[in-house]
Amino acid sequence: ESLSAILTKVRAVPIDKEIIVIDDCSRDGTPDVLRQEQQHDPHLRVIRHETNRGKGAAVRTGIAAAQGDVIIIQDADLEYDPNDYPLLLQPILAGEADVVYGSRFLCDDRDPGRERDHFHHYLGNRVLTFFSNLFTGLNLTDMETCYKCMRRSVLEPIVIKSRRFTVEPELTAKLAKSQARIFEVPIHYRGRSYGEGKKIGWRDGVAALWAIMRYRVAE
């Protein structure tokens, strides 16, 4: 339901970009929406997985297909605001960072009324970020954020093995090992409820903890 709206928002951001959509074998009408979008935007690139393979596989497919110098990961829902792209890009364009995470938990005086995530998701994210920092030596506030903005040159040597939501700790661990300069910037955020389609649950949290430990030592 949010696909056309998020594509409109992404297109409206005034930066030179390509848009790649990974349809992870959706069975909810997404292919029909994407066909309509491509009729209006022939430059929109759509790649469909023949079976549902998870977020990690979708991110892997998207990175492999991307041609730009900088890659931003964008979920198809409306939790994250593409108007934050310039904030994510600024440290990279200034030559200060190789990777920029958009943090939902950094304070931003310009946006005091920003919506927080639901308590259990907030707590889970903070716990996972703490353990990720413990194993990587980073000092992040939001390891699980969708908004990861990365130079292609940093990503090229990295092989993503995760299929599901463990892609977040895996990417973080491997970026830390690469000695990439990682920055954080505050972003806007509107958390969804399960009734609105949020899928991540406690099992994903357990899997993420295992991934944090695994990718600390694994390639």
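**Q** Describe in detail the packing of helix α1 (residues 3-12) against helix α2 (residues 30-40), supporting the description with residues and values.
**A** Taken N-terminus to C-terminus, the directions of α1 and α2 make an angle of 35 degrees; their axes are 10 Å apart at the nearest point. Both α1 and α2 take part in a crossing whose hand is right-handed. Residues L3, S4, L7 and R11 of α1 pack against T30, V33, L34 and E37 of α2. Grouping the constituent residues of the contact of α1 with α2 by class yields four nonpolar, two polar and two charged.

**Q** I'd like a rundown of the sheet that holds strand β3 (residues 70-72), residues and numbers included.
**A** Sheet strands line up and pair through hydrogen bonds in the backbone, either parallel or antiparallel. With mixed pairing, the four strands of this open sheet are ordered in space as β3-β5-β4-β6. Every interior strand has two partners, whereas the edge strands, β3 and β6 (182-186), have only one. The average angle at which neighbouring strand axes cross in this sheet is 15 degrees, direction not considered. Pairing between β3 and strand β5 (residues 148-151): three bridges, direction antiparallel. For V70, the partnering residue across the bridge sits in β5 and is R151. Strands in contact with helix α7 (residues 167-177) are β4 (99-103), β5 and β6; relative to β5, the strand with the most contacts, it is inclined by about 35 degrees.

**Q** Requested: an account of the environment of R35, with residues and values cited.
**A** Of note, R35 is situated in helix α2. Note: C-alpha distance between R35 and V46 (eleven residues apart in sequence) is 9.0 Å.

About the thresholds
- Residues numbered from 1 in each chain as written.
- Predicted model: local features only at pLDDT ≥ 70, side-chain atom pairs only at ≥ 80, totals over all residues.
- Heavy atoms only, no water.
- Axes fitted to C-alpha atoms, helices over the stretch in contact; angles between N-to-C directions.
- Helix = DSSP H or I, 4+ residues; strand = E, 2+ residues; numbered from the N terminus.
- Left-handed = near helix turned anticlockwise from the far one by under 90°.
- Contact = heavy atoms within 4.5 Å.
- Nonpolar A, V, L, I, M, F, W, Y, C, P; charged D, E, K, R; others polar.
- Pairing = 2+ DSSP bridges.

These values are about where atoms sit, not about what they do.
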